[in-house]
Amino acid sequence: MPGNSSHIAEITAVSGGTVTSPQGFSAGGVYIGLKSRGEDKLDLALLVSDTPCSIGGVFTTSAIRSATVDLDRERVASGQARALIVNAGIANTCVGAQGYKDAEEMTRLAADCLGMAAEDVLVCSTGVIGVELPMSLIRSGVTEIVLDDQGGNQLAPGDDDH
(Lines give C-alpha, C1' and ligand atoms only; values in the text may rest on other atoms or scores of the structure.)
Protein backbone atom coordinates (compact mmCIF):
# COMPACT_ATOMS: atom_id res chain seq x y z
CA MET A 1 0.00 0.00 0.00
CA PRO A 2 1.53 3.36 -0.96
CA GLY A 3 2.60 5.43 2.01
CA ASN A 4 2.60 2.46 4.36
CA SER A 5 5.82 2.62 6.34
CA SER A 6 5.45 -0.75 8.07
CA HIS A 7 8.21 -3.23 7.42
CA ILE A 8 7.32 -6.75 6.34
CA ALA A 9 9.94 -9.26 7.43
CA GLU A 10 11.16 -11.77 4.91
CA ILE A 11 10.30 -15.35 5.81
CA THR A 12 13.11 -17.84 5.41
CA ALA A 13 12.73 -21.61 5.68
CA VAL A 14 15.11 -23.28 8.14
CA SER A 15 16.20 -26.65 6.81
CA GLY A 16 15.73 -29.20 9.58
CA GLY A 17 14.23 -26.51 11.79
CA THR A 18 12.13 -27.25 14.85
CA VAL A 19 10.04 -25.28 17.35
CA THR A 20 13.28 -24.28 19.07
CA SER A 21 14.95 -22.90 15.96
CA PRO A 22 13.90 -19.33 16.79
CA GLN A 23 16.23 -17.65 19.27
CA GLY A 24 15.03 -17.78 22.87
CA PHE A 25 13.08 -21.05 22.73
CA SER A 26 13.93 -24.32 24.47
CA ALA A 27 12.15 -27.64 24.80
CA GLY A 28 12.53 -31.07 26.30
CA GLY A 29 10.58 -34.26 26.78
CA VAL A 30 10.46 -37.46 28.80
CA TYR A 31 8.72 -40.83 28.75
CA ILE A 32 6.43 -41.25 31.78
CA GLY A 33 4.21 -44.14 30.68
CA LEU A 34 1.18 -42.48 29.09
CA LYS A 35 1.91 -44.23 25.79
CA SER A 36 3.11 -47.76 25.19
CA ARG A 37 6.88 -48.00 25.53
CA GLY A 38 9.05 -47.70 22.46
CA GLU A 39 12.54 -46.62 21.59
CA ASP A 40 12.83 -42.83 21.92
CA LYS A 41 9.07 -42.54 22.59
CA LEU A 42 8.33 -39.45 24.69
CA ASP A 43 4.93 -38.56 26.14
CA LEU A 44 5.41 -35.43 28.26
CA ALA A 45 7.15 -32.30 27.03
CA LEU A 46 7.65 -28.59 27.61
CA LEU A 47 8.26 -25.68 25.23
CA VAL A 48 9.49 -22.46 26.83
CA SER A 49 10.27 -18.96 25.62
CA ASP A 50 12.76 -16.71 27.37
CA THR A 51 10.29 -13.83 26.99
CA PRO A 52 6.49 -13.49 26.73
CA CYS A 53 5.14 -14.35 23.27
CA SER A 54 2.17 -12.83 21.50
CA ILE A 55 -0.39 -15.58 20.96
CA GLY A 56 -3.69 -16.18 19.25
CA GLY A 57 -5.86 -19.22 18.82
CA VAL A 58 -8.53 -20.87 16.73
CA PHE A 59 -10.61 -23.37 18.67
CA THR A 60 -13.08 -26.11 17.86
CA THR A 61 -16.79 -25.39 18.22
CA SER A 62 -17.51 -29.05 18.90
CA ALA A 63 -19.37 -29.84 22.12
CA ILE A 64 -16.96 -32.75 22.58
CA ARG A 65 -13.55 -31.26 23.26
CA SER A 66 -10.70 -31.56 25.68
CA ALA A 67 -10.70 -29.55 28.88
CA THR A 68 -7.33 -28.27 27.69
CA VAL A 69 -9.13 -26.49 24.85
CA ASP A 70 -11.38 -24.67 27.32
CA LEU A 71 -8.45 -23.65 29.54
CA ASP A 72 -6.33 -22.52 26.60
CA ARG A 73 -9.23 -20.51 25.15
CA GLU A 74 -9.43 -18.57 28.42
CA ARG A 75 -5.67 -17.99 28.57
CA VAL A 76 -5.29 -16.98 24.92
CA ALA A 77 -7.58 -14.04 25.67
CA SER A 78 -4.66 -12.46 27.57
CA GLY A 79 -2.73 -12.27 24.29
CA GLN A 80 0.52 -13.72 25.62
CA ALA A 81 2.14 -16.85 27.02
CA ARG A 82 5.63 -18.14 27.77
CA ALA A 83 5.31 -21.92 27.90
CA LEU A 84 3.43 -24.97 26.73
CA ILE A 85 3.13 -28.34 28.48
CA VAL A 86 2.13 -31.25 26.25
CA ASN A 87 1.13 -34.82 26.97
CA ALA A 88 0.60 -37.58 24.42
CA GLY A 89 -1.29 -40.80 25.03
CA ILE A 90 -4.35 -39.50 26.88
CA ALA A 91 -6.56 -36.75 25.42
CA ASN A 92 -8.08 -35.44 28.68
CA THR A 93 -11.45 -35.48 26.90
CA CYS A 94 -14.84 -36.73 28.15
CA VAL A 95 -13.69 -37.03 31.76
CA GLY A 96 -15.93 -34.36 33.29
CA ALA A 97 -14.83 -31.58 35.61
CA GLN A 98 -11.70 -33.56 36.56
CA GLY A 99 -10.26 -32.88 33.11
CA TYR A 100 -10.29 -29.13 33.68
CA LYS A 101 -8.75 -29.53 37.15
CA ASP A 102 -6.01 -31.70 35.67
CA ALA A 103 -5.31 -29.21 32.86
CA GLU A 104 -4.99 -26.42 35.44
CA GLU A 105 -2.70 -28.56 37.59
CA MET A 106 -0.49 -29.37 34.60
CA THR A 107 0.03 -25.66 33.97
CA ARG A 108 0.78 -25.05 37.67
CA LEU A 109 3.31 -27.88 37.70
CA ALA A 110 5.07 -26.51 34.63
CA ALA A 111 4.96 -22.95 35.97
CA ASP A 112 6.47 -24.03 39.29
CA CYS A 113 9.35 -25.78 37.49
CA LEU A 114 9.92 -22.78 35.23
CA GLY A 115 9.52 -19.99 37.79
CA MET A 116 6.56 -18.28 36.15
CA ALA A 117 2.83 -17.80 36.66
CA ALA A 118 0.51 -20.68 35.70
CA GLU A 119 -1.48 -18.20 33.59
CA ASP A 120 1.57 -17.92 31.30
CA VAL A 121 1.44 -21.65 30.48
CA LEU A 122 -0.77 -23.32 27.89
CA VAL A 123 -1.51 -27.06 27.79
CA CYS A 124 -2.10 -29.61 25.03
CA SER A 125 -3.25 -33.21 25.39
CA THR A 126 -3.69 -35.85 22.71
CA GLY A 127 -4.49 -39.54 22.76
CA VAL A 128 -7.16 -41.86 24.10
CA ILE A 129 -10.53 -40.25 24.89
CA GLY A 130 -12.47 -41.00 28.09
CA VAL A 131 -9.48 -41.78 30.32
CA GLU A 132 -8.42 -39.53 33.19
CA LEU A 133 -4.83 -38.34 33.22
CA PRO A 134 -2.59 -40.17 35.72
CA MET A 135 -1.52 -36.99 37.46
CA SER A 136 0.97 -38.77 39.74
CA LEU A 137 3.00 -39.69 36.64
CA ILE A 138 2.77 -36.13 35.32
CA ARG A 139 3.74 -34.64 38.70
CA SER A 140 6.92 -36.67 38.86
CA GLY A 141 7.66 -36.50 35.14
CA VAL A 142 7.55 -32.74 34.68
CA THR A 143 10.47 -32.31 37.06
CA GLU A 144 12.53 -34.73 34.94
CA ILE A 145 12.30 -32.68 31.74
CA VAL A 146 15.61 -31.14 30.71
CA LEU A 147 15.21 -28.07 28.51
CA ASP A 148 17.60 -27.46 25.63
CA ASP A 149 17.63 -24.91 22.83
CA GLN A 150 18.10 -27.88 20.49
CA GLY A 151 15.24 -29.87 22.13
CA GLY A 152 12.57 -29.20 19.53
CA ASN A 153 12.42 -32.79 18.29
CA GLN A 154 11.64 -33.96 21.82
CA LEU A 155 8.42 -31.94 21.67
CA ALA A 156 7.48 -32.40 18.04
CA PRO A 157 9.52 -34.96 16.12
CA GLY A 158 10.08 -34.13 12.47
CA ASP A 159 9.51 -36.52 9.57
CA ASP A 160 13.02 -37.91 9.93
CA ASP A 161 12.42 -38.71 13.60
CA HIS A 162 9.52 -41.18 13.35
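The chain has the name Arginine biosynthesis bifunctional protein ArgJ in an unreviewed UniProt entry, where Geodia barretti is given as its organism.

*Asks:* Give a description of the overall build of the chain that names residues and reports values.
*Replies:* Tallying secondary structure elements over the chain gives four helices and four strands in all. Counting from the amino terminus, helix and strand elements in the chain follow one another as β-β-α-β-α-β-α-α. The C-alpha radius of gyration of the chain comes to 17 Å, within 12% of the 15 Å expected for a compact globule of 162 residues. Every one of the 162 residues in the chain was classed for burial, and the buried ones make up 38%. For the chain, the proportion of contacts with a sequence separation of at least 24, taken over those separated by at least 6, is 77%. Accessible area of the chain: about 9500 Å², with a carbon and sulfur share of 51%.

*Asks:* With reference to specific residues and values, describe the nonpolar core.
*Replies:* Grouped together as the largest cluster of nonpolar side chains are 24 residues, with contacts concentrated most on Leu44, Leu46, Ile85, Met106, Val121, Ile138 and Val142. Breaking this core down by element, the ones donating at least two residues are β2 (44-54), β3 (80-90), α2 (97-114), β4 (121-128) and α3 (135-142). It is α2 that contributes the most residues to this core, five residues altogether. Setting aside anything within four residues of it in sequence, one finds Val142 in contact with Leu44, Leu46, Ile85, Leu109, Ala110 and Cys113. Membership of the second largest hydrophobic core comes to nine residues, among which are Ala27, Ala81, Leu84 and Leu155.

*Asks:* Please give an account of the environment of Ala77 that cites residues and values.
*Replies:* Along the chain, Ala77 turns up in the loop between α1 (67-76) and β3. C-alpha separation for the pair Ala77 and Ile55, spaced 22 residues apart in sequence, amounts to 8.7 Å.

*Asks:* So what's going on with the side chain of Ser26? Which residues, and what values?
*Replies:* Along the chain, Ser26 turns up in strand β1 (residues 25-30). Taking the relative accessible area as the measure of exposure, Ser26 reaches 14% and is therefore buried. When sequence neighbours within four positions are dropped, the list of residues in contact with Ser26 reads Thr20, Leu46, Leu47, Val48, Leu147, Asp148 and Asp149.

*Asks:* Let's hear about the sheet that holds β4: which residues, and what values?
*Replies:* Within the open sheet, the four strands sit side by side as β1-β2-β3-β4. Their pairing is mixed. The outermost strands of the open sheet, each flanked by one partner alone, are β1 and β4. Neighbour to neighbour, the strand axes of the sheet diverge by 15 degrees on average, direction disregarded. As paired elements, β2 and β3 share seven bridges and run antiparallel to each other. Opposite Leu47, over in β3, you have Leu84 as the bridge partner. Sitting on the sheet, α1 is in contact with β3 and β4, with an inclination near 160 degrees to β4.

*Asks:* Which residues make up the pairing of β2, and what are the values?
*Replies:* One face of the sheet, then the other: side chains in a regular strand alternate in exactly this way. Two elements, β1 and β2, share six bridges in a ladder whose sense is antiparallel. What sits directly across from Phe25, in β2, is Ser49.

*Asks:* Describe the environment of Gln150, and please don't skip the residues or the numbers.
*Replies:* Mapped onto the elements of the fold, Gln150 is located in the loop between α3 and α4 (152-155). It is 9.6 Å that separates the C-alpha atoms of Gln150 and Gly17, two residues lying 133 residues apart in sequence.

Thresholds applied
- Residues numbered from 1 in each chain as written.
- Predicted model: local features only at pLDDT ≥ 70, side-chain atom pairs only at ≥ 80, totals over all residues.
- Heavy atoms only, no water.
- Helix = DSSP H or I, 4+ residues; strand = E, 2+ residues; numbered from the N terminus.
- Rg over C-alpha atoms; globule rule 2.2 N^0.38 Å.
- Buried < 20%, exposed > 50% of the residue type's maximum accessible area, 1.4 Å probe, protein only.
- Contact = heavy atoms within 4.5 Å.
- Areas by Shrake-Rupley, 256 points an atom, 1.4 Å probe, with all protein chains shown as cover.
- Core = buried A, V, L, I, M, F, W, Y, C linked by side-chain atoms within 4.5 Å.
- Pairing = 2+ DSSP bridges.
- Axes fitted to C-alpha atoms, helices over the stretch in contact; angles between N-to-C directions.

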